[in-house]
Amino acid sequence: MAEKSLLAREETARYARHLTLPEVGTDGQVKLKSASVLIVGTGGLGSPVSLYLAAAGVGRLGIVDFDRVEYSNLQRQIIHGSDDVGRPKVQSAAESIRRVNPLIQVDQHDEAFTSSNAMRIGAEYDIIIDGTDNFATRYLVNDVCVLLGKPNCYGSIFRFEGQASVFGLPGGPCYRCLYPKPPDPGMIPNCAEGGVLGILPGIVGTIQATEAIKLILGIGESLSGRLLLLDALEMKFRELKVSRDPKCPVCGDQPTITAPIDYDQFCGTPKQDTSQSPWDIEPTELKRRMDADEPMTILDVRQQHEYQICNLGGTLIPLDELPTRTDELDRSLPIVVHCKMGLRSAKAVQLLRDAGFTDVSNLNGGINRWSKQIDATVPTY
Amino acid sequence: MKVIIPTALRKHTDGQNHLCVTATTVEDALKQVVTTHPELRSSLFDDREQLVSFVNVFVNDRNIRDLENEATPLTESDEILLVPAIAGG
């Protein structure tokens, strides 16, 4: 009896160019099929990484992102299309991945990658790809990789410049060995402030994907111990040596970080709970009142089109109409006012209090903070 | 010798992608750079005049942390790279 083939006929057809490549072949393709890769961030870097790993036949891809697709993403995040604006990124990305290769499994993690879930999510995969867009999550990804003993295929971009490396391989350095501490907030502008060439993540992301494939196949020279720098304006690649720091707090000889830490604190990320109104309430307090069914009016002072994107089921009276529509509100009930970020609602609170309302408070951080802290199913925009 | 200025710091060098210095050590080279472009100082040194840890300084392809830090000697053909952490994705 003939030996059962390791790949189905449609896989043999699909991966033919890999099968004829001696460094991959059937054995390599089976390795790819058996492999699992977690891609943190479904943005500029995550887009090419996911699409290429899917096309290459990596059997299981996990994608993590809490965000929704915005128009400003489409210039570089090629896994999403115009019709996807407003949709959860992982949902849009999973669809694109399935269009490229329906034979693989895609796990959607529609949530932020945080200290509380990263170890659990990361543990399920062989390799983790850092496609995040902020320092706090980069240090988290790094630490989780070291703690779980998983390779971290790292890439990062800014304007016309890119960096790529592989961290967390045995004996090799980790991200903290290279950058022990993040810059102070605001010291290095992010892509939203500084801009980024749309094609750049395509170059850097495909390098990350290449490194992942090589690790799975066990071929070639990994970027571990080397930092690849790209200057797209000069179209110049530079290769720098990176060595493991024996004193590194996470991968060193005597590590002091043995579990994920508070990365917002570590990176000095400004908290969003700065006071916006003397009558602020925290999202957690509003949640408590809602759960307890306390009688109240939730007043939404955004515009109609914003209400359509997301809402908390409140009464909609846009701020500019509020002065002439206060009689629509029940003066006997507590009122919690919200907008997108908390500033318009702070004005509304003042306006209502000036108009004689006594129990009016402002949802600090607005519906965006609510989405981040209480209910991630509420889209942010 | 050339000190290569990364995109993130070019706002402090009037957009120049490199600066030319004549120096015998890394410390000397960096001092010249922040003297001619004082706005670079806060991106490279902290309040105690120590190099900040989110900018790596390389001489050719070697991190000065693996050489002799700021005392690393330079020759005319050396290239000094400032490599700040970037986070975009």
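Worth saying up front: this structure is predicted, and the values here are computed from it rather than measured.

Undergrad: What am I meant to see in the overall build of chain A here?
TA: Secondary structure summary: chain A contains 16 helices and 13 strands in total. Principal axes of the C-alpha set define a box for chain A whose edges measure 80 × 50 × 45 Å. Residue burial in chain A is summarised as follows: out of 381 residues, 53% are buried. If you take every contact in chain A between residues at least 6 apart in sequence, the share linking residues at least 24 apart comes to 67%. Within chain A, one finds 39 positive and 48 negative side-chain charges whose respective centroids are separated by 5 Å.

Undergrad: Looking at this structure, how should I read the interface of chain B and chain A?
TA: Reports often express the size of an interface as the amount of accessible area lost when the parts come together. Contact with chain B, which involves 28 residues of that partner, is made by 39 residues of chain A. Interface area for chain B against chain A, summed over the two sides, is near 2,700 Å², with a carbon-plus-sulfur share of 56%. The tally of links from chain B across to chain A stands at four salt bridges. Salt-bridge contacts for Arg10 of chain B lead to Glu161 of chain A; the nearest nitrogen and oxygen are separated by 3.9 Å. One can count 18 residue pairs in polar contact (both at pLDDT 80 or more) joining chain B with chain A. A class-by-class count of the residues in the side of chain B that touches chain A yields twelve nonpolar, nine polar and seven charged.

Undergrad: How do you make sense of the confidence of the model for chain B when you look at a structure like this?
TA: One rule of thumb: low pLDDT means the predicted coordinates there are not for detailed reading. Confidence along chain B averages 94 in pLDDT terms, with 100% of residues attaining 70 or more. At the low end of the mean pLDDT range in chain B sits helix α2 (residues 41-44) of chain B, at 91; at the high end sits strand β4 (residues 62-63) of chain B, at 98.

Undergrad: Explain the pattern of salt bridges here, please?
TA: Pairing between side chains of opposite charge can happen when the charged atoms of each approach one another. All names here are of chain A. The tally for this structure, following the rule as stated, stands at 27 salt bridges over all chains. Put simply, Glu285 and Arg288 hold a salt bridge, and the shortest N to O gap is 2.9 Å. Taken together, the residues span about one helical turn, with Glu285 and Arg288 both in helix α12 (residues 283-291) at a distance of three residues. On the basis of relative accessible area, Arg288 is assigned to the partly exposed category, the value being 42%. As a salt-bridge pair, Lys287 and Asp291 come within 2.7 Å of each other at their nearest N and O atoms. Remark: Asp291 and Lys287 occur in helix α12; sequence separation between them is four residues, near one turn of the helix. Classification of Lys287 as partly exposed rests on a relative accessible area of 31%. Overall, Asp291 belongs to the exposed group, its relative accessible area being 54%. Here the salt bridges do not stand alone but share partners, grouping Glu285, Arg288, Arg289 and Glu294 into one network.

Undergrad: What is the right way to look at the domain arrangement of chain A in this model?
TA: Domain annotation for chain A reports domain 1 (35-266) and domain 2 (280-373). Averaged C-alpha coordinates put domain 1 of chain A and domain 2 of chain A at centres separated by 38 Å.

Undergrad: Please explain the sheet that holds strand β8 (residues 236-241) of chain A as it appears in this structure.
TA: Sheets are built from strands that pair by backbone hydrogen bonding, the pairs being arranged parallel or antiparallel. Residue and element names in this part refer to chain A. The strand order β3-β2-β1-β4-β5-β6-β7-β8 describes an open sheet built from eight strands, whose pairing is mixed. Looking at which strands have only one partner, the edges of the open sheet turn out to be β3 (105-109) and β8. Strand-to-strand, the axes of this sheet are offset by a mean angle of 15°, without reference to chain direction. Along the sheet, helix α4 (residues 46-56) contacts β1 (36-40), β2 (60-64) and β4 (127-130); its crossing angle with β1, the most-contacted strand, is approximately 165°. Relative to the sheet, helix α5 (residues 89-100) contacts β2 and β3, its axis offset from that of β3 by approximately 175°.

Undergrad: Hey, could you run me through the side chain of Gln29 of chain A in this one?
TA: All names here are of chain A. Relative to the helices and strands, Gln29 resides in helix α3 (residues 25-34). Side chain to side chain, Gln29 and His18 meet in a polar contact 2.8 Å long. Not counting the four nearest positions on each side in its chain, Gln29 is found in contact with Leu7, Tyr15, His18, Leu19, Val24, Ala56 and Gly57.

Conventions used here
Residues numbered from 1 in each chain as written. Chains lettered and ligands numbered in written order. Predicted model: local features only at pLDDT ≥ 70, side-chain atom pairs only at ≥ 80, totals over all residues. Heavy atoms only, no water. Helix = DSSP H or I, 4+ residues; strand = E, 2+ residues; numbered from the N terminus. Buried < 20%, exposed > 50% of the residue type's maximum accessible area, 1.4 Å probe, protein only. Contact = heavy atoms within 4.5 Å. Lys, Arg positive; Asp, Glu negative; His and termini not counted. Charge placed at Lys NZ, Arg CZ, Asp CG, Glu CD. Buried area = accessible area lost by both parts, 1.4 Å probe. Salt bridge = Lys/Arg side-chain N within 4 Å of Asp/Glu carboxyl O. Polar contact = N/O pair within 3.5 Å; in protein donor to acceptor, adjacent residues only side chain to side chain. Nonpolar A, V, L, I, M, F, W, Y, C, P; charged D, E, K, R; others polar. pLDDT = per-residue confidence, 0-100. Domains from an automatic or database assignment. Pairing = 2+ DSSP bridges. Axes fitted to C-alpha atoms, helices over the stretch in contact; angles between N-to-C directions.

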